[in-house]
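What follows is the residue order along each chain.
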Amino acid sequence: MANSLAFWVEDLKSGEESRHELKQELGSDSEDRVDIGQTSPSSAEDSIEENQHSLSNRNPNVELHFNYWLLKAKSTGNFKKDLDIKYLDIGVRLKNINDFSSVNIYVPFEFSNIKYHADLGEKICKDQELVAAVFNAPVIETRSDPLDMTYCDFTFFNESEQIRFHTNILERQSGMSDGVEVTRFANTRGTILKFPQDIFQLDGKADIYFRFRLEISPSEITSISRIYNPKFWALTNAFEKTELVDFRVNEIRNLPKTIGNHIVNKSYVSKIHFFLIRDGKSEFKAAHDSYKRCRILESNLWDKYLGLENHIIDDEMLIYHWKDQANAGKYLDHFSAFAKYTKRDINSIEILVLFIILVVVGALSGWFGNLLWAAWHPSTGRDRERFITNIKS
């Protein structure tokens, strides 16, 4: 396991350049522009602090959202298979970031074993309930792109900033000049997703937000979580499976060297939310830190989010939330979340194997018992032979 994701912004105009631009807007000597003759010393200090606060608020700022879904859904149709849900949804919020070449995400999954779903954002934007659920805040204003569905602008009750939710993040196909590049990383295991600036409709005011889904094959999921089955479970009656989740972002020691070089001074991540969604039968055992919150998800709402049209999740869905945030004016250099769960689960194949083992053990024990009885009571064996001979005669 011990693999890490990575995030960085390429060719972003530096924070010093942004500060310089703001100083020009305020006046190159903004800190000295207070008229002392007309303003008290305390007012002068307050004015300087306000200008400095405006400068700090112009710093590039990235907030990342990760939803890791580990669930099983039963088919509601006659000929459809049950659905093994192994999704990683990634949401990116960019603040004060308008001049860049690309936003880049590295995932430690083999290119051919993941599916990139670009339609997640459009699905959310079409349902105001989902928008409020994703951002955990009531929506007070919504405005869409008048020409086509490439973005939606949202204003939330508890925030003054506007968010522009971009939905036009389709994967670039051969022969196309724009779109998201999803490519294999060099000759090693891993995939890079590159979101160029030209796919976003920027207005210089609203925060940039986009969200997508990665559907991960069982062979690749071991990069961030792994299930351990008990040994000799049929003999020890131990059906409890243990799952370890080890989720990391920008952990340089667990990244390829070239990726590690990319993220130095280019991540600008100040806040990370990690949500782990499990079924109600999974028992939480331990974690790297106390989770911020745990609750039951509303199935009627989140089934739509997951796109469960012909499937249903019987168990309750539990969501665990971890969060890490840098101090004001600082950035997170990495993020790591560890959690351990156990689940007592037995399927029909295991029941059949257990039944066969019990039958075989029972037959062998009876046969071995007869051998011991004949060995300890040889006369009984001879009497039985005479009895059988008399019957035949």
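All of the points below concern the structure found in this document. (Residues numbered from 1 in each chain as written. Predicted model: local features only at pLDDT ≥ 70, side-chain atom pairs only at ≥ 80, totals over all residues. Heavy atoms only, no water.)

A closer look at the packing of aromatic side chains
What counts is decided by this rule: The rule is short: rings of Phe, Tyr and Trp, with Trp giving its six-membered ring, pair when the centres are within 6.5 Å, and they are stacked under 30 degrees, edge-to-face over 60, tilted in between. The secondary structure listing takes helices from DSSP runs of H or I that are at least 4 residues long and strands from runs of E that are at least 2 residues long, numbered from the N terminus. Classification of residues uses two cut-offs on accessible area relative to the type maximum, computed with a 1.4 Å probe and protein chains only: under 20% is buried, over 50% is exposed, and between them is partly exposed.
On inspection of all chains with the given rule, the structure shows 27 aromatic pairs. Both rings, one in F195 and one in F210, keep their centres 4.6 Å apart while their planes meet at 35°; by these two values the pair is tilted. On the criterion of sequence distance, the pair formed by F195 in strand β10 (residues 191–196) and F210 in strand β11 (residues 207–216) is long-range, its members being 15 residues apart. Of the two residues examined, F195 and F210, each falls in the buried class. A centroid spacing of 5.7 Å and a plane angle of 25° characterise the contact between F284 and Y320, whose relative ring orientation is stacked. Residue F284 is found in strand β15 (residues 283–287), and its partner Y320 is found in strand β18 (residues 317–325); the two are separated by 36 residues along the sequence. For F284, a relative accessible area of 26% translates into the label partly exposed. Taken together, the aromatic side chains of F66, F247, F274, F284, Y291, Y320, W322, F335 and Y341 make up a single cluster linked through ring pairs.

Quick look at the nonpolar core
Generally speaking, nonpolar side chains in soluble globular proteins are found buried as a group. Here is the rule: Throughout, nonpolar core names a set of buried Ala, Val, Leu, Ile, Met, Phe, Trp, Tyr and Cys residues whose side chains join them through atoms within 4.5 Å. Here a residue-residue contact requires only that any non-hydrogen atoms of the pair lie within 4.5 Å.
Counting 53 residues, the largest nonpolar core has F7, F66, Y116, F195, F212 and F274 as the members making the most contacts within it. Leave out the neighbours within four places in its chain, and F7 touches V62, L64, V92, L94, V103, N104, I105, N250, I263, S267 and V269. Core analysis: the next-biggest nonpolar cluster, separate from the first, contains 31 residues, W69, C125, L297 and L301 among them.

Let's talk about helix α7 (residues 299–306)
In an α-helix, one turn spans 3.6 residues; hence positions three or four apart end up facing the same way. By the burial criterion, the buried members of α7 are L301, W302, D303, Y305 and L306. Of the residues one or two after α7, G307 is the one with positive phi, at around 75°.

Digging into helix α4 (residues 128–135)
Selection criterion: In this description, one arc is meant: the one made by directions from the helix axis to the C-beta atoms. For this analysis, a polar contact is any N or O atom pair within 3.5 Å, provided that within protein one partner can donate a hydrogen and the other can accept it, and provided that sequence-adjacent residues contribute only side-chain to side-chain pairs.
Among the residues of α4, those classed as buried are L130, V131, V134 and F135. The buried residues of α4 occupy an angular sector of 120° when the element is viewed end-on, so they sit on one face. Buried residues along α4 sit against α3 (120–125), β6 (139–144), β7 (151–156), β8 (162–166), β11 and α7. For α4, the N-terminal cap is D127; the gap from its side-chain oxygen to the backbone nitrogen of E129 is 2.9 Å. After α4 finishes, the residue N136 shows a positive phi value of roughly 55°.

Regarding the environment of D127
Tracing the backbone through its elements, the reader meets D127 in the loop between α3 and α4. Looking at D127, the relative accessible area reads 18%, which means it is buried. Separated by 178 residues in the primary sequence, D127 and Y305 have C-alpha atoms spaced 9.5 Å apart.

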